[in-house]
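Structure at a glance
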Amino acid sequence: MHSKSVTAPKRGVKETLYASWRLVETPYNVPMPESKPLVAVIMGSKSDWDTMRNAVETLDELGVPNEARVLSAHRTPDATAEFARGAVDRGLRVIIAGAGGAAHLAGVIAAHTWLPVLGVPIQSKLQGLDSLLSTAQMPGGIPVGTLAIGEAGAKNAGLLAAAILATSDNTIRQKLEAFRRRQSETVLAAKLRR
Ligand code: RP5
């Protein structure tokens, strides 16, 4: 696994212990030690990273402080609940959760926090239909905003998280508006070969 040390900001002993996982850069654990994360990108397995990195890259492009990590509703149920219960107090404002197959991660996280939770169904052995249905079909009372299956869903989860934050953050709003302008210009500039 690729790993690269990054410079740790000055912290107290407690903070250093708590934040130590964020100070080592790996493909499955993306740190932003300089900024307090507003969005968490959680995935059920490291095998989800190729999909979920689209959410992280979109948030990075829009300058939204974020963190990414693996937590599983089934394989690490206690750590998942602990993360979700502590999310508000840690300053998180939106949680993106991607999982595949029997995809309960987004729903379980939503059960433990009132923060907006955006679910990304991972492409699976059943083409992601199992992931889509198990993420989207929440009982009334505990919402999960479910995006499209796969990479488009992960990218859109990043954009939607930024849009939620943009309602109260002018800097993110400007970056989001600029992103949309650039996207429109690219589409309108498309040349078709005959
Ligand atoms: C889910 O099971 C994960 O979100 C992943 O999409 C799927 C398979 O996980 P691995 O067996 O690849 O770890 O919980």
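Description of the structure in this document. (Residues numbered from 1 in each chain as written. Predicted model: local features only at pLDDT ≥ 70, side-chain atom pairs only at ≥ 80, totals over all residues. Heavy atoms only, no water.)

Here we look at the sheet that holds strand S7 (residues 145–146)
Backbone-to-backbone hydrogen bonds pair the strands of a sheet. The strands run either parallel or antiparallel. Read across the sheet, 5 strands follow the order S4-S3-S5-S6-S7 without closing on themselves; strand pairing throughout is parallel. Two strands lie at the open edges of the sheet, namely strand S4 (66–70) and S7, each paired on one side alone. Taken together, the 5 bridges between strand S3 (residues 39–43) and strand S5 (residues 94–99) define a ladder with parallel strand orientation. Among the inter-strand pairings, Ile 42 is bridged to a residue of S5, identified as Ala 97. Those strands touched by helix H5 (residues 129–136) are S5, strand S6 (117–121) and S7, and its axis lies near 160° from that of S6. (Pairing = 2+ DSSP bridges. Helix = DSSP H or I, 4+ residues; strand = E, 2+ residues; numbered from the N terminus. Contact = heavy atoms within 4.5 Å. Axes fitted to C-alpha atoms, helices over the stretch in contact; angles between N-to-C directions.)

Focus: the pattern of salt bridges
Tallied over the full model, the rule gives 4 salt bridges. Note that Arg 53 and Glu 57 form a salt bridge whose closest N and O atoms lie 3.1 Å from each other. Placement of both Arg 53 and Glu 57 in helix H2 (residues 49–61) is noted, with a separation of 4 residues, approximately one turn of the helix. Residue classification places Glu 57 among the partly exposed residues on the basis of a relative accessible area of 42%. We note a salt bridge from Glu 67 to Arg 90, for which the minimum N-O separation is 2.7 Å. On the criterion of sequence distance, the pair formed by Glu 67 in strand S4 and Arg 90 in the loop between helix H3 (77–86) and S5 is long-range, its members being 23 residues apart. (Salt bridge = Lys/Arg side-chain N within 4 Å of Asp/Glu carboxyl O. Buried < 20%, exposed > 50% of the residue type's maximum accessible area, 1.4 Å probe, protein only.)

Details of the packing of H2 against helix H6 (residues 151–166)
Two numbers describe how H2 lies on H6: the axes approach to 7 Å, and their chain directions differ by 30°. On the basis of the axis angle, H2 is roughly parallel to H6. In the crossing of H2 with H6, the sense of the turn from one axis to the other is right-handed. Judged by residue contacts, Asp 50, Thr 51, Met 52, Asn 54, Ala 55, Thr 58 and Leu 59 of H2 engage Glu 151, Ala 154, Lys 155, Gly 158, Leu 159 and Ala 161 from H6. Within the contact of H2 with H6, the residues separate by chemical class into 6 nonpolar, 4 polar and 3 charged. (Parallel < 35°, antiparallel > 145°, perpendicular 65-115°, else oblique. Left-handed = near helix turned anticlockwise from the far one by under 90°. Nonpolar A, V, L, I, M, F, W, Y, C, P; charged D, E, K, R; others polar.)

None of this, on its own, says anything about what the molecule does.
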